[in-house]
There are 2 protein chains.
Amino acid sequence: MPVARRPTLSDVAQEVGVSAKTVSRVLNDDGPVAAETRERVMEAVQRLGFRPNLMARHMRLGKSDTAIGLVVPDMSNPFFATVVSGIESVTHGRGLTLLVGSSAQDTERERSLVGTFLARRVSALLMAPTPTADHGYLKADRSAGLPVVFLDRPGSGLTADSVLSSNRRGAHEGTTHLIRHGHRRIGFVGDTPTELYTRRTRLQGYRDALADSGLPYDRTLVVGGHDQRTAAGATERLLDLEDPPTALLAANNFASMGAVVGLARAGRRDVALVGFDDIPLAEVLEPALTVVAQDPAAMGAAAATIALARLDGDRSRARSTEIPTRLVPRGSGELRPR
Amino acid sequence: MPVARRPTLSDVAQEVGVSAKTVSRVLNDDGPVAAETRERVMEAVQRLGFRPNLMARHMRLGKSDTAIGLVVPDMSNPFFATVVSGIESVTHGRGLTLLVGSSAQDTERERSLVGTFLARRVSALLMAPTPTADHGYLKADRSAGLPVVFLDRPGSGLTADSVLSSNRRGAHEGTTHLIRHGHRRIGFVGDTPTELYTRRTRLQGYRDALADSGLPYDRTLVVGGHDQRTAAGATERLLDLEDPPTALLAANNFASMGAVVGLARAGRRDVALVGFDDIPLAEVLEPALTVVAQDPAAMGAAAATIALARLDGDRSRARSTEIPTRLVPRGSGELRPR
DNA sequence: CTGAAAGCGCTAACAA
DNA sequence: TTGTTAGCGCTTTCAG
């Protein structure tokens with residue numbers, strides 16, 4: 001099979017019998033071109049199936065690539081998947097292409113992805129950073145004008161914008177909701193590793209709420225898992241304690257689902273539960289799941305909007321944007337201790 | 001703030017007092033370089049924070065960009081989100097970057113995304129095509145060697161590889177499961193638009209199963225919705241029919257969730273249900289949801305693997321790969337008609 | 001209104 | 001072991 005070379009600007013020019021610059025003028029509506037010339041050029045473009053090479057264009061213009069890079073821990077996590085679509089809803093209108101990569105919570109891998117994005121000269125960098133990463137290595141690029149926005153978790157070692165959920169307030173609200181319904185022993189099912197920003201902040205909100213109500217903080221009630229299965233196991237172990245909790249706060253979507261499964265397996269419909277981050281079908285579970293809902297699409301959109309503003313020349317101080325969470329009572333949090 | 005220009009190869013060369021080519025040699029381990037020169041170059045690279053410009057590299061090499069383009073209808077759909085992570089698990093090891101875009105099921109938007117990807121000279125194109133698109137416009141690029149793989153749905157007007165679920169067999173199996181448990185009136189809750197390949201094929205499997213058991217096909221039992229809410233409404237309307245179904249086959253994840261919600265709202269725990277595509281917490285629903293599980297990660301991985309094989313020179317005929325579905329009985333499909 | 005030359009940052013081919 | 005020249009495809013600059 002003959003592998004045809006892709007036509008270039010000069011191919012089109014030659015075909016029409018004009019110079020490359022003229023074709024360029026037609027394609028970019030740049031400078032005056034005779035109507036007839038324009039038509040002949042367009043015709044040749046059609047006929048040859050010419051598509052301007054964006055790499056060459058970007059290079060010649062000496063600007064960044066019209067792409068933005070995004071690093072998330074895991075694309076298949078519905079939370080981040082929704083964040084991505086929030087980002088895309090904003091970037092699409094601006095003609096920006098989205099480069100994505102999963103860090104799998106691995107600092108080395110995150111760095112390698114970021115390195116690739118930088119080598120591609122992306123216009124901006126959005127990321128949900130891994131817990132142990134130090135982003136000092138981005139300082140030069142930042143001060144060279146590269147917008148960097150941290151998502152879901154703040155970065156470390158670098159002054160940059162960030163977009164976070166109201167984690168502490170949300171966890172406080174969820175815990176208080178349980179306390180108000182009479183619970184005195186409330187378990188915390190978090191994610192791992194424990195250094196994870198969202199885990200730490202939500203744990204803090206939980207502790208604040210306990211303290212505000214004069215309840216003791218009991219470390220044995222704090223467990224964690226890094227996925228649904230391990231969270232379910234951790235939940236079951238909590239229930240097996242000598243003095244078990246009568247209510248649970250689950251600190252993210254996987255922990256929530258794990259807690260639901262753990263409670264179901266133990267046949268415990270009497271244990272109250274509030275989940276952080278909404279999950280599908282929460283309303284048809286029995287009991288229906290009360291959650292502290294995040295707004296991942298809004299988080300993504302906000303991060304993208306900030307990046308675009310920076311690209312448009314916004315040189316104001318780096319700021320942290322908090323996207324509010326919202327308590328959605330559905331039943332599971334309203335159970336009363338026996 | 002001084003916006004420092006990013007250092008180039010020549011900057012490094014000048015710094016060290018060698019030619020650009022020497023720096024290039026060091027960075028690409030290409031040709032002999034004196035140990036001492038190498039060291040001095042590396043040192044300068046570090047000090048200046050030099051990162052080779054990938055755009056320039058790709059251009060000079062005259063090859064495609066080391067990126068692959070992916071178009072899906074909706075990133076936030078967990079099915080596609082998981083497909084994406086399947087793709088990424090394969091591409092990451094090969095140093096390929098992933099460009100993504102959502103078509104929102106809009107043919108124009110799909111085309112615009114594909115156009116952008118082509119202008120970027122991506123190495124390969126993966127997409128879940130919109131129902132009404134004609135991909136004939138990709139012929140030239142295909143015969144110029146661009147690997148194109150259709151995902152979840154076959155493309156139209158173009159000979160290219162595709163990766164599909166065993167839709168017809170899966171729907172047949174799910175329906176047969178219901179028939180075996182004594183159901184004679186089985187509703188079909190599909191997605192919309194009705195031209196959608198997955199809807200059509202799964203409907204066909206459903207009809208085949210009915211026919212195989214000598215059951216009549218009743219169009220009034222076939223409804224649809226394009227999201228969970230509308231699917232729930234459609235389910236409720238089915239239940240309100242004069243001669244309502246005693247069992248349902250839901251044709252995708254949103255339809256399943258909608259059916260679950262519709263049944264729950266109607267308080268009908270006696271209606272059997274089999275969903276196509278697994279959903280989270282299916283096992284803790286009451287009754288637990290029986291599904292025809294797809295393997296979206298495997299689909300993504302297969303599509304990426306095929307694209308890579310094509311890049312590696314595989315010139316064999318375009319083929320369609322079927323990723324098997326699997327019936328997972330959990331209870332909701334095992335209910336018997338009253 | 002149109003074209004010629006130069007150059008973005010990099011590397012292949014050749015020369016020294 | 002190193003350097004020089006040329007050119008990937010495009011657009012800017014400056015001349016016609």
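The structure displayed is predicted, hence computed values, not measured ones.

Caption draft 1: View of the protein's contact with DNA strand D. In the region of DNA strand D, 24 residues are neighbours, and Leu9(A), Lys21(A), Arg60(A), Thr37(B) and Arg60(B) sit closest. A breakdown of the atoms of DNA strand D within 4 Å of the protein gives sugar and phosphate a share of 54%. Leu9(A) has a polar backbone atom sitting 2.3 Å from a phosphate oxygen of DNA strand D. Within the side chain of Arg60(A), an N or O atom sits 2.5 Å from a base oxygen of DNA strand D. Among the elements of the structure, α2 (20–28) and α4 (54–61) of chain A together with α2 (20–28) and α4 (54–61) of chain B are those that each provide at least two residues to the surface near DNA strand D. Ranked by the residues each element gives to the surface near DNA strand D, the list is headed by α4(A), at four residues.

Caption draft 2: Structural view of the pattern of salt bridges. Residue and element names in this part refer to chain A. Tallied over the full model, the rule gives 46 salt bridges over all chains. Note that Lys 21 and Asp 30 form a salt bridge whose closest N and O atoms lie 3.5 Å from each other. Classification of Asp 30 as partly exposed rests on a relative accessible area of 39%. A salt bridge links Arg 310 to Asp 161; the nearest nitrogen and oxygen atoms lie 2.8 Å apart. Within this pair, whereas Arg 310 is found in helix α12 (residues 296–311), its partner Asp 161 is found in strand β5 (residues 161–165), the two being separated by 149 residues in sequence. Judged by relative accessible area, Arg 310 falls into the buried class, the value being 9%.

Caption draft 3: Fine view of the pairing of strand β6 (residues 186–190) of chain A. All names here are of chain A. Among the five residues that make up β6, five are buried, leaving the element largely enclosed by the rest of the structure. Residues Ile 186, Phe 188 and Gly 190 line one face of β6 and the alternating positions Gly 187 and Val 189 line the opposite face, and both faces are buried. Of the pairings in the sheet, the one linking β6 to strand β8 (residues 247–250) comprises four bridges and is parallel in character. Of the residues in β8, the one forming a bridge with Gly 187 is Leu 248. Relative to strand β7 (residues 222–224), β6 runs parallel, the two being bridged by three bridges. By the bridge assignment, Gly 190 is partnered in β7 with Gly 224. Each parallel crossover has a hand, and the one from β6 via helix α9 (residues 197–212) to β7 is right-handed.

Caption draft 4: Representation of the interface of chain A and chain B within the structure. Taken together, the contacts link 59 residues of chain A with 59 residues of chain B. Buried area between chain A and chain B, summed over both chains or domains, comes out near 5300 Å², and the portion from carbon and sulfur atoms is 59%. The largest per-residue losses of area from chain A upon contact with chain B belong to Arg6(A), Met55(A) and Arg121(A), which jointly make up 15% of the total buried on that side. Taken together, the connections running from chain A to chain B amount to eight salt bridges. In this structure, Asp141(B) engages Arg6(A) in a salt bridge whose closest nitrogen and oxygen atoms are separated by 2.6 Å. The interface formed by chain A and chain B holds 20 residue pairs in polar contact (both at pLDDT 80 or more) in total. Only α4, α5 (78–91), β2 (97–102), α6 (107–119), α7 (139–143) and α11 (253–265) of chain A provide two or more residues apiece to the side of chain A that touches chain B.

Caption draft 5: Structural detail: the protein's contact with DNA strand C. In the region of DNA strand C, 24 residues are neighbours, and Thr22(A), Thr37(A), Arg60(A), Leu9(B) and Arg60(B) sit closest. In DNA strand C, atoms within 4 Å of the protein come from the sugar-phosphate backbone in 56% of cases. Within the side chain of Arg57(B), an N or O atom sits 2.7 Å from a phosphate oxygen of DNA strand C. Elements with a minimum of two residues in the surface near DNA strand C: α2 and α4 of chain A together with α2 and α4 of chain B. The dominant element in the surface near DNA strand C, judged by the number of residues it contributes, is α4(B), at four residues. In terms of residue class, the surface near DNA strand C is built from ten nonpolar, seven polar and seven charged.

Parameters and conventions
Residues numbered from 1 in each chain as written. Chains lettered and ligands numbered in written order. Predicted model: local features only at pLDDT ≥ 70, side-chain atom pairs only at ≥ 80, totals over all residues. Heavy atoms only, no water. Near = heavy atom within 4 Å. Polar contact = N/O pair within 3.5 Å; in protein donor to acceptor, adjacent residues only side chain to side chain. Helix = DSSP H or I, 4+ residues; strand = E, 2+ residues; numbered from the N terminus. Salt bridge = Lys/Arg side-chain N within 4 Å of Asp/Glu carboxyl O. Buried < 20%, exposed > 50% of the residue type's maximum accessible area, 1.4 Å probe, protein only. Pairing = 2+ DSSP bridges. Right-handed = clockwise from strand over helix to strand, strands pointing away. Contact = heavy atoms within 4.5 Å. Buried area = accessible area lost by both parts, 1.4 Å probe. Nonpolar A, V, L, I, M, F, W, Y, C, P; charged D, E, K, R; others polar.

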